[in-house]
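One letter stands for each residue in the lines below.
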Amino acid sequence: MIAPSAMSAVLTRFGAVSALTAAAVAGPAVLPDMAQHADAATIRAEALKVAASKKGAPYRYGATGPRSFDCSGLTLYSFKKVGRKLPRTAAAQYNSTRHLHSSDRTRGDLVFFHYGSSIYHVGIYAGHGRIWHSPKPGGRVRLEKIWTRSVWYGRVR
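This structure is a prediction, so every number in the text was calculated from the model and none was measured. (Residues numbered from 1 in each chain as written. Predicted model: local features only at pLDDT ≥ 70, side-chain atom pairs only at ≥ 80, totals over all residues. Heavy atoms only, no water.)

**Considering the environment of H121**
No. 1: Checked against the element boundaries, H121 lands in strand 3 (residues 118-127).
No. 2: In this structure H121 comes out as buried when scored by relative accessible area, which is 5%.
No. 3: Separated by 50 residues in sequence, H121 and C71 place their C-alpha atoms 6.4 Å apart.
No. 4: Ignoring any residue separated from it by four or fewer positions in sequence, one finds H121 in contact with C71, A90, V111, F112, F113, H133, S134, P135 and W147. (Helix = DSSP H or I, 4+ residues; strand = E, 2+ residues; numbered from the N terminus. Buried < 20%, exposed > 50% of the residue type's maximum accessible area, 1.4 Å probe, protein only. Contact = heavy atoms within 4.5 Å.)

**As for a nonpolar patch on the surface**
No. 1: On the surface, Y115, Y120 and W147 cluster together into a nonpolar patch covering about 430 Å² of accessible area.
No. 2: Checked against the element boundaries, Y120 lands in strand 3. (Patch = residues over 30% accessible without salt bridge, like charges linked within 9 Å, V, L, I, M, F, W, Y side chains within 5 Å. Areas by Shrake-Rupley, 256 points an atom, 1.4 Å probe, with all protein chains shown as cover. Salt bridge = Lys/Arg side-chain N within 4 Å of Asp/Glu carboxyl O.)

**Remarks on the sheet that holds strand 4 (residues 130-133)**
No. 1: Pairing is antiparallel across the open sheet formed by 6 strands, whose spatial order is 1-6-2-3-4-5. Every other strand in the sheet has two partners, leaving strand 1 (98-100) and strand 5 (142-145) as the edge strands with one partner each. Neighbour-to-neighbour, the strand axes of this sheet turn through a mean angle of 40°, independent of strand direction.
No. 2: Lying on the sheet, helix 4 (residues 71-80) is in contact with strand 2 (110-115), strand 3 and strand 4; it crosses strand 3 at an angle near 45°. (Pairing = 2+ DSSP bridges. Axes fitted to C-alpha atoms, helices over the stretch in contact; angles between N-to-C directions.)

**A few points about the side chain of T97**
No. 1: With respect to the helices and strands, the residue T97 is situated in the loop between helix 5 (90-96) and strand 1.
No. 2: Engagement of the side chain of T97 in a polar contact is seen with the backbone oxygen of Y94, the distance being 2.9 Å.
No. 3: What T97 contacts, discounting residues up to four positions off in sequence, is L110, F112, G154, R155, V156 and R157. (Polar contact = N/O pair within 3.5 Å; in protein donor to acceptor, adjacent residues only side chain to side chain.)

In structure tokens form, the structure reads like this:
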């Protein structure tokens, strides 16, 4: 691993070149966490694709797929398909994620709907203020605009 002062010199030497380009030119030791962050972003993007592929699947309380889901069943299923384990309920999923400020959310992060301190729903952030989720009895998996400000965000580890 390169010392912080050496890393600074390497990045200064590259000038305005992006950190990704610098890492490609100088080698992976320049930014050791870059590959880990890229892998995590890929996992989130793939989980989001899994959820989107379930568009139209019916809501069924307690269901975890592959043909029907409740809200936390859809998130559990989507991340399981890309190798990440989540607990069963929305509240337990929130407790197992790294909590984020809304300005730090990215596609594939989880969106937790709450009333006070009680979490009652979860979906996967799709960007532009929308989520993929399994909404309620009689509903189907769909892409929908986030309808409230009473949400918290979490990133699957």
